[in-house]
Amino acid sequence: MTKKLFLKTLAMASFLMAMSLPALAAEGGSGGGTYKIALGALAVGIAAVGCGLGDGNAIAAACEGTARNPGAGQRIFTTMLIGMVLIETLVLFTFLAAYLGF
């Protein structure tokens, strides 16, 4: 892992943890908020693992396709990027649902 990638990952993790602090500072309620936070974190984690696997498969298939037909590399790359954007939206939507409390 390069230093630049590590710093970007660390910054993103810090941002996500800071975004969860208002949810932990809520007062009152039935006390079931802890379970919602834990389930939301679990849902985002599962979505992130699934998206990581999907991204890995998409990149592997794109590299394999480009190796077989270098002339189609640009079209394969464009299609891969569109697919990866759609895959990554799963994590964003899951995070949004968890942040809003299901």
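Residues numbered from 1 in each chain as written. Predicted model: local features only at pLDDT ≥ 70, side-chain atom pairs only at ≥ 80, totals over all residues. Heavy atoms only, no water.

## Overview of the overall build of the protein chain
Each helix and strand counted, the protein chain has three helices and zero strands in total. Listed N to C, the secondary structure of the protein chain is α-α-α in terms of helices and strands. Out of the 102 residues in the protein chain, the part that is buried amounts to 11%. (Helix = DSSP H or I, 4+ residues; strand = E, 2+ residues; numbered from the N terminus. Buried < 20%, exposed > 50% of the residue type's maximum accessible area, 1.4 Å probe, protein only.)

## Notes on the packing of aromatic side chains
This structure, assessed with the given rule, holds one aromatic pair. A ring pair is formed by F95 and Y99, whose centres lie 6.2 Å apart and whose planes are at 25°; its orientation type is stacked. Within this pair, F95 and its partner Y99 are both found in helix α3 (residues 73-100), separated by four residues, close to a single helical turn. (Phe/Tyr/Trp six-rings, centres within 6.5 Å; stacked < 30°, edge-to-face > 60°.)

## A closer look at the confidence of the model for the protein chain
Averaged over all residues, the pLDDT of the protein chain equals 81, while 80% of them reach at least 70. Model confidence for the protein chain, summarised as mean pLDDT per element, is weakest for helix α1 (residues 3-24) at 71 and strongest for α3 at 89. (pLDDT = per-residue confidence, 0-100.)

## A look at α3
In a regular helix each residue adds 1.5 Å, so 28 residues correspond to 40 Å; α3 covers 41 Å between its end C-alpha atoms and thus fits that length. The set of residues buried in α3 consists of G73, M80, M84, V91 and T94. With its phi angle positive at about 90°, G101 sits one or two positions after the end of α3. (Expected span 1.5 Å × (residues − 1).)

## Some remarks on the side chain of T94
Topologically, T94 is positioned in helix α3. Residues in contact with T94, not counting those within four places in the same chain, are A43, V44 and A47. (Contact = heavy atoms within 4.5 Å.)

## A closer look at the pattern of salt bridges
Within this structure, the stated rule accounts for one salt bridge. Between E64 and R68 there is a salt bridge, with the nearest N and O atoms lying 3.3 Å from each other. Pair noted here: E64 and R68 are both in helix α2 (residues 33-68), with a separation of four residues, about one helical turn. (Salt bridge = Lys/Arg side-chain N within 4 Å of Asp/Glu carboxyl O.)

## Focus: a nonpolar patch on the surface
A cluster of nonpolar side chains, contributed by F93, L96, Y99 and L100, occupies part of the molecular surface with about 460 Å² of accessible area. You can see L96 is positioned in helix α3. By relative accessible area, which is 45% here, L96 ends up partly exposed. (Patch = residues over 30% accessible without salt bridge, like charges linked within 9 Å, V, L, I, M, F, W, Y side chains within 5 Å. Areas by Shrake-Rupley, 256 points an atom, 1.4 Å probe, with all protein chains shown as cover.)

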